[in-house]
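Results of the structural survey
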Amino acid sequence: MLSDRQKLILKAIIEEYVLSNEPVGSKVLTSKPFLDYSSATIRYDMQSLEEDGYLEKTHTSSGRIPSEIGYRYYIDHLLTRDDEVSKYFSYIDEIFDNENYTKEDILKKITDFLSELTGYYSAINLSSNDFANVMKMEIVPLSHNEAVLLIVTNNGAVQSQKISIPNGYNMDDLLRIIQMFDNAMYEHSISEIRDILSKEAAKPRIRQMVDFRDDILNFMIKGFSRFLNIQTYETGLSRLFNQPELQDYQVMQNIIKAVDDDSVLRFNSQEVGIKVHIGAENLCPGLEECSIVSMPFFIGDGEYGTIVLIGPKRMNYRGVIPLLEYVAKSMDKLDKK
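What comes next concerns the included structure.

Quick notes on the rules
Residues numbered from 1 in each chain as written. Predicted model: local features only at pLDDT ≥ 70, side-chain atom pairs only at ≥ 80, totals over all residues. Heavy atoms only, no water. Pairing = 2+ DSSP bridges. Helix = DSSP H or I, 4+ residues; strand = E, 2+ residues; numbered from the N terminus. Axes fitted to C-alpha atoms, helices over the stretch in contact; angles between N-to-C directions. Contact = heavy atoms within 4.5 Å.

1. A short note on the sheet that holds strand β6 (residues 158–164)
Overall, antiparallel pairing links the 3 strands, which are arranged β4-β5-β6 in an open sheet. Two strands bound the open sheet, and with one partner strand each, they are β4 (134–141) and β6. Sheet twist, expressed as the mean angle between neighbouring strand axes with direction ignored, is 20°. In this sheet, β6 lies alongside strand β5 (residues 146–153) in antiparallel orientation, the contact comprising 7 bridges. Bridge pairing in β6 links Val148 to Lys162. Contacts from helix α7 (residues 171–185) reach β4 and β5, with the element oriented near 175° to β4.

2. So, the sheet that holds strand β10 (residues 303–312)
Pairing in this open sheet of 5 strands is antiparallel, and the strands run β7-β3-β10-β9-β8 from one edge to the other. Two strands in the sheet have a free side with no partner beyond their single neighbour: β7 (230–235) and β8 (275–278). Strand-to-strand twist in this sheet, taken as the mean axis angle between neighbours without regard to direction, amounts to 15°. As paired elements, β8 and strand β9 (residues 290–300) share 4 bridges and run antiparallel to each other. Bridge assignment links Ile278 to a residue of β9, and that residue is Ser291. Across the face of the sheet, helix α13 (residues 317–330) comes into contact with β8, β9 and β10 while running at roughly 15° to β9.

3. Observations concerning the environment of Glu289
With respect to the helices, strands and loops of the structure, Glu289 is situated in the loop between β8 and β9. Along the primary structure Glu289 and Val251 are separated by 38 residues, whereas in three dimensions their C-alpha atoms are 7.6 Å apart.

This is the structure in structure tokens:
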């Protein structure tokens, strides 16, 4: 349990680090008007926060930076929305209210606007798929390393996808995995499948029965994603790579590969409210150095989608969250387009 003072210190460190990308020391914190404590007191609490896993110490500075645990606590308990973001709402209104813009024009312009304003990668997914429920999933072996994945839904659709079995798996193991997932997905909608697969894959009984790996999860997610009639508007990968902590060549390559994999942008649009995945919380390999903020929206007539921003873990959550919430609320204007 953090004390009120520790909460103030953690909040101050994260918000200072978001702005500066420099480790934060006690000297910086003592200049904050709401931290009217001695430098020794602040250093003591910083040490305690580090020992409890909320902060990390770098090798090059005596200051601290937030850990993923610290970011998560901040988002769940300490975050306050930045009122300054409201000055951009009128520009968003202008885009949505322009009678000369088509639905496609608006989605492109909003995607561009979000990326330009934040400096992050921005994407909007729009789907007109109805919420078909999965009734059956089967796998048909073709050879020792190839099979066909079959998915049957309650509206009579049958989707098939040829898959390559990852190295190290035998067909018996794969059949057992499919059978376990088939039971978990029965009568759930297509849009829920990604989350269900991920939750099932994390259960100890799955991990114990077979050597379950993420490549199995990824090809199953891809199989389901073909059901969804999704239009994607995206931009800003080059802007994302202007972030100092994301300029390492291998990190950039991992992000490019992850973004090229459509499954990274598949979020459950039936959920309500903003979702934030930080570093290791991201399900897609390659985004361990990033945070993903997503916001579902509904338009009408079965149309729904998700707004996605990918940025560094040092993301401006105070500004990003109210921004995406306002854009999502404005999406119902597209029902008239």
